[in-house]
Amino acid sequence: MASGLPKINTEGLTSFIPEDKITELLQNKNTDKGRVREIIAKSLAKNRLNPDEMAVLLNAEDPEIIAEIKEGARNLKKTVYGNRIVLFAPLYVGNECINNCTYCGFRKSNLDVVRKTLTMKELEKEVRTLESRGHKRLILVYGEHPMYDADFIHDTVKKVYETKEGKGEIRRVNINAAPFDVEGFRKIKSAGIGTFQVFQETYHQETYRQVHPSGLKADYLWRLYSFDRAMEAGIDDVGMGALIGLYDHKFEALAMLYHTIHLEEKFGVGPHTISFPRIEPAIGTDYANHPPYQTSDADFMKMIAVIRLAVPYTGMILTAREPVALRNEAISYGVSQIDAGSDIGVGAYAREDEVSSDKKSQFVLSDNRSLDEVIGQLCDADFLPSFCTGCYRLGRTGEHFMEFAIPGFVKKFCTPNAILTLTEYLLDYASPSTREKGLRAIERELAAIPDANPLKQQLLQKLEQVKSGKRDLFF
Ligand code: SAM
Ligand code: SF4
């Protein structure tokens, strides 16, 4: 049975997060420049860092050393991944919740939030609205509630894939929901999901206990082993995360490395993506206005650069919780996916009822630009926005790893697919000014591919096909 809430069973499980060891590593403030350079070089030579090495980078306080760390992250991003940035939108399906996470606007005890679960009709309207703006990749988000069982999630994913508006379609659906048992994960996988995200929130057990006082989420180990169950169910792409502000951000960053190592050792593959959302204000949620471990922008940016170097083959996500300038800087350090044109109120895209979106939202967003604005500005800043779903569609899981490890992979697949999907967007949805900026970006990218490269001819042919109305072409 995949219906109802999963039956929690953590018998025989123990934590693989060595809290004392992490605390000890973070106490060693002896950051020698030579050692930092060796560690950066190890990462640039395409190796994952070990916890003691990551701790050295996290502990760096000398501005010159921090500048070198950021330069290292920038180099890695430039030389391996190029200037692509993948765009997606969040779609909140329902905000009912049985848990009481102290930081979240959806928690059960919050009477200020207006509860809402989309009907299939309403979900369809949300999807049509997003498609008519040009989105191709969504993440569906759910509270934790018996209504949102594996069958329900499966059916909502199917509905999203079936819904098509004009030339629009959603080509990859990722999920952020409570973790399931193996059977539940199997059911959800069968709907054709991309990544399943579960954020541990905090890896520090005592803090975890305090901020998750009741509900299924109160069980630390059940959540810590979510990806073990997901992978056992055949979900290869999992999205890890820590909510920054609950406990020391350096502890969380190192714990995510230990989590990565656990998955690598057990399943031969780490997480598909890593997220590090900072706590934002939320309706009726005083805790979120004063998180105990507020992380400054400077510390946050350093952490992002360090994560890039520590797990060089993992996708990194930074959402519209963060303001525009900070997001732009983070992209240059290796953030590979951002959301755009986001509204996180349940039913907010189609705006069919009178309740304002912020009364149905989990927290407040800082970047409120439309998808069109984001694309125009990214192109102006020499980035290449992408809606590519090629790897996922061709069953090439572990795409970040391939981008990283297979020589020429980015040039052969990722850049051409970014150009093709951006062209679709420019033709079908862009404002005149964004179209102009986008076409300039594409010219720039094409000019960088030598004429003698046979791939260029194939790409130009595919581009002609897109211009004459063909859609969804990829390498
Ligand atoms: N209910 C599921 C769960 O808790 O796993 C789905 C995820 S919840 C809807 C999405 C994520 O939002 C949480 O995992 C948490 O990290 C984040 N979140 C919760 N409250 C937040 C806040 N006030 N500011 C920023 N992010 C928050
Ligand atoms: Fe519910 Fe998730 Fe919010 Fe916790 S974070 S209250 S589980 S929606």
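What counts, and where the lines are drawn
- Residues numbered from 1 in each chain as written.
- Chains lettered and ligands numbered in written order.
- Predicted model: local features only at pLDDT ≥ 70, side-chain atom pairs only at ≥ 80, totals over all residues.
- Heavy atoms only, no water.
- Helix = DSSP H or I, 4+ residues; strand = E, 2+ residues; numbered from the N terminus.
- Rg over C-alpha atoms; globule rule 2.2 N^0.38 Å.
- Buried < 20%, exposed > 50% of the residue type's maximum accessible area, 1.4 Å probe, protein only.
- Contact = heavy atoms within 4.5 Å.
- Areas by Shrake-Rupley, 256 points an atom, 1.4 Å probe, with all protein chains shown as cover.
- Lys, Arg positive; Asp, Glu negative; His and termini not counted.
- Charge placed at Lys NZ, Arg CZ, Asp CG, Glu CD.
- Near = heavy atom within 4 Å.
- Polar contact = N/O pair within 3.5 Å; in protein donor to acceptor, adjacent residues only side chain to side chain.
- 1 Å grid on protein atoms, 1.4 Å probe; cavity = no way out; pocket = protein on both sides within 12 Å on 5 of 7 lines; lining within 4 Å.
- Sits in = over half its atoms within 2 Å of the grid points.
- Nonpolar A, V, L, I, M, F, W, Y, C, P; charged D, E, K, R; others polar.
- Salt bridge = Lys/Arg side-chain N within 4 Å of Asp/Glu carboxyl O.
- Domains from an automatic or database assignment.
- Buried area = accessible area lost by both parts, 1.4 Å probe.

S.K.: Report on the overall build of the protein, specifying residues and quantitative values.
M.R.: When you go through the protein residue by residue, the secondary structure sums to 20 helices and nine strands. Compactness check: the protein gives a C-alpha radius of gyration of 22 Å against a globular reference of 23 Å for 475 residues, within 12% of the reference. Taken along the three principal axes of its C-alpha coordinates, the protein extends 60 × 60 × 40 Å. Residues counted as buried form 61% of the 475 residues belonging to the protein. Sequence-distant contacts in the protein: of pairs separated by 6 or more residues, those separated by 24 or more amount to 76%. A total of about 18,300 Å² of accessible surface is found on the protein, and carbon and sulfur atoms cover 51% of it. Distance from the positive charge centre (61 side chains) to the negative charge centre (66 side chains) of the protein: 5 Å.

S.K.: An account of the site of ligand 1 is needed here, citing residue identities and associated values.
M.R.: Surrounding ligand 1, one finds 20 residues, the nearest of these being Asn 176, Glu 201, Lys 217, Arg 223 and Glu 280. Within the side chain of Glu 201, one N or O atom sits 2.6 Å away from an oxygen atom of ligand 1. In the model, an oxygen atom of ligand 1 is placed 2.7 Å from a nitrogen or oxygen of the Arg 223 side chain. With respect to the detected pockets, ligand 1 is housed in the largest cavity. When grouped by side-chain class, the residues that make up the shell around ligand 1 number ten nonpolar, three polar and seven charged.

S.K.: Got a sec to walk through the pattern of salt bridges? Specific residues and values, please.
M.R.: Opposite charge on two side chains permits pairing when their charged atoms draw close. Enumeration over the complete set of coordinates arrives at 37 salt bridges. With a shortest N-O distance of 3.0 Å, Arg 128 and Glu 165 are connected by a salt bridge. Of this pair, Arg 128 sits in helix 5 (residues 120–133) while Glu 165 sits in the loop between helix 6 (150–162) and strand 3 (172–176), placing them 37 residues apart in sequence. Among the residues examined, Glu 165 registers a relative accessible area of 32% and is labelled partly exposed.

S.K.: I'd love a proper account of the domain arrangement of the protein, names of residues and values included.
M.R.: Considered domain by domain, the protein is made up of domain 1 (27–77), domain 2 (83–390) and domain 3 (408–467). If you average the C-alpha positions of domain 1 and of domain 2, the two centres end up 28 Å apart. Counting residues at the interface gives 23 residues for domain 1, matched by 26 residues for domain 2. Among the residues of domain 1 in contact with domain 2, Arg 48, Leu 58 and Lys 77 are the three that bury the most area, contributing 35% of the side total. Linking domain 1 to domain 2 there are one salt bridge. The salt bridge partner of Glu 264 is Arg 48, with a shortest N-O separation of 2.8 Å. Taken together, the connections running from domain 1 to domain 2 amount to six residue pairs in polar contact (both at pLDDT 80 or more). Looking at the side of domain 1 that touches domain 2, the elements that each hand over two or more residues are helix 2 (33–44), helix 3 (51–59) and helix 4 (63–81). By residue number, the principal contributor to the side of domain 1 that touches domain 2 is helix 4, which donates eight residues. The residue inventory of the side of domain 1 that touches domain 2, partitioned by class, reads twelve nonpolar, five polar and six charged.

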